[in-house]
Amino acid sequence: MGRSTYRLTMAKILFVITGADHWTLADGTEHPTGYWAEEAVAPYEAFKAAGHEITVATPGGVVPTVDKGSLAAEVNGGQENADRIAGVIASSDELRNPIRLEDVDLDDYAAVYYPGGHGPLEDLAVDAVSGEILTRTLESGKPLGVVCHAPAALLAAVQPDGTNSFAGYRVAAFTNAEETQAGLADKAKWLLQDRLTEAGVQVQVGEPWAPKVVVDQNLVTGQNPASSAPLAVELLKKLG
């Protein structure tokens, strides 16, 4: 009895995180980045509190780099919370010991989650292994969460006929307006909202920096860092 209850209440959730520590800008300079702290930590804490197990996977199994800007007091509601988030990252065995994305067996996981940061624009946007994971998760009906810049990974999810696996789906993603306000739009090789639209993905644009979550079948997406906690709530609902 205890064992079956355990199986019902606890799920394994796969976090796919960028392995990049920089984003190459249009002029060839490298903008230091990685994953965005809040987007990893808020869902991490929500899933763990609900009794679920987390495995982190990165390209090549590299330990993911946190964007130092995402640990600043001003983006975390003050120094106290910034220190708390940094502490969660430092103490996370999962973040310190990722598996290789290439070794993921999707059958082991009940849900998949992609946090953002500018890192995915550098690696996951062109990572065919990640693209296959995304396509298979979408087709499996398992809950799939993707937030902020992580929808860049959807660009690598391509069908044999060249169409995007997510074409026609409604998503939230980091917007052109937000990239402009962040001061990086005019330095980027391309903008996420534009690329997704070109791929046939329907980007639903909300107010800059305000929480916005879009649910389309088993796909749950969020626009920005503030959307990561509400996105986690929606994913947990789908896990039951």
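Caption draft 1: Expanded view of the overall build of the chain. Helix and strand content of the chain: nine helices and 11 strands. The C-alpha radius of gyration computed for the chain amounts to 17 Å, which stays within 12% of the reference 18 Å derived for 240 residues, consistent with globular compactness. Along the longest, intermediate and shortest principal axes, the C-alpha atoms of the chain span 60 × 50 × 35 Å. Classification of the 240 residues of the chain by burial places 52% in the buried group.

Caption draft 2: Broad picture of helix 9 (residues 228-239). Its 12 residues give helix 9 an end-to-end C-alpha distance of 16 Å, which sits within 8% of 16 Å, the value for a rise of 1.5 Å per residue. Contact partners of the buried residues in helix 9: helix 2 (37-49), strand 6 (111-114), strand 7 (144-147), strand 10 (213-216) and strand 11 (219-222).

Caption draft 3: A look at the pattern of salt bridges. In the structure shown here, the tally under the stated rule is seven salt bridges. The closest approach of N and O atoms between Lys-48 and Glu-94, which form a salt bridge, is 2.5 Å. Here Glu-94 lies in helix 4 (residues 93-96) and Lys-48 lies in helix 2, a separation of 46 residues in the sequence. In this structure, the salt-bridge partner of Arg-170 is Asp-216, at a minimum N-O distance of 3.9 Å. Residue Arg-170 is found in strand 8 (residues 170-171), and its partner Asp-216 is found in strand 10; the two are separated by 46 residues along the sequence. Of the residues examined, Arg-170 reaches a relative accessible area of 33% and is grouped as partly exposed.

Caption draft 4: Geometry of the sheet that holds strand 6. Sheet architecture is open: seven strands sit in the order 5-4-1-6-7-11-10, paired in mixed fashion. Since the sheet does not close on itself, it has two edges, and those belong to strand 5 (99-100) and strand 10, each with one partner. Relative to strand 11, strand 7 runs parallel, the two being bridged by four bridges. Its bridge partner lying in strand 11, Val-146 is registered against Thr-221. Sitting on the sheet, helix 2 is in contact with strand 1 (12-16), strand 4 (53-58), strand 6 and strand 7, with an inclination near 175 degrees to strand 1.

Caption draft 5: Looking closely at the nonpolar core. Formed by 64 residues in total, the largest nonpolar core has its most connected members in Phe-15, Tyr-114 and Phe-166. By residue number, the principal contributor to this core is helix 2, which donates five residues. In contact with Phe-166, not counting residues within four places along its chain, are Leu-134, Leu-138, Leu-144, Leu-154, Ala-157, Val-201 and Leu-219.

Caption draft 6: Examining the environment of Leu-239 more closely. Here Leu-239 shows up in helix 9. Between the C-alpha atoms of Leu-239 and Ala-11, which are 228 residues apart in sequence, the distance is 8.1 Å. Once residues lying within four places of it in the same chain are set aside, the contact partners of Leu-239 are Ala-11, Ile-13, His-52, Ala-110, Ala-111 and Pro-143.

Caption draft 7: Spotlight on the side chain of Asn-218. Among the secondary structure elements, Asn-218 is positioned in the loop between strand 10 and strand 11. A polar side-chain atom of Asn-218 sits 3.2 Å from the main-chain carbonyl oxygen of Leu-138. Within the local environment of Asn-218, its side chain forms a polar contact with the backbone oxygen of Lys-142, the two atoms lying 2.8 Å apart. In this structure Asn-218 touches Thr-137, Leu-138, Gly-141, Lys-142, Pro-143, Leu-144 and Lys-238, once residues within four positions along its chain are discounted.

Caption draft 8: Region of interest: the packing of helix 2 against helix 3 (residues 79-91). Interhelical geometry of helix 2 versus helix 3 gives an angle of 70 degrees and a closest axis separation of 10 Å. Considering the angle they form, helix 2 stands roughly perpendicular to helix 3. Contacts from Ala-37, Val-41, Tyr-44 and Glu-45 of helix 2 reach helix 3 at Arg-84, Ile-85, Val-88 and Ile-89. Grouping the amino acids of the contact of helix 2 with helix 3 by side-chain chemistry returns six nonpolar, no polar and two charged.

The rules behind these values
- Residues numbered from 1 in each chain as written.
- Predicted model: local features only at pLDDT ≥ 70, side-chain atom pairs only at ≥ 80, totals over all residues.
- Heavy atoms only, no water.
- Helix = DSSP H or I, 4+ residues; strand = E, 2+ residues; numbered from the N terminus.
- Rg over C-alpha atoms; globule rule 2.2 N^0.38 Å.
- Buried < 20%, exposed > 50% of the residue type's maximum accessible area, 1.4 Å probe, protein only.
- Expected span 1.5 Å × (residues − 1).
- Contact = heavy atoms within 4.5 Å.
- Salt bridge = Lys/Arg side-chain N within 4 Å of Asp/Glu carboxyl O.
- Pairing = 2+ DSSP bridges.
- Axes fitted to C-alpha atoms, helices over the stretch in contact; angles between N-to-C directions.
- Core = buried A, V, L, I, M, F, W, Y, C linked by side-chain atoms within 4.5 Å.
- Polar contact = N/O pair within 3.5 Å; in protein donor to acceptor, adjacent residues only side chain to side chain.
- Parallel < 35°, antiparallel > 145°, perpendicular 65-115°, else oblique.
- Nonpolar A, V, L, I, M, F, W, Y, C, P; charged D, E, K, R; others polar.

All quantities given are derived from atomic positions and should not be read as evidence of function.
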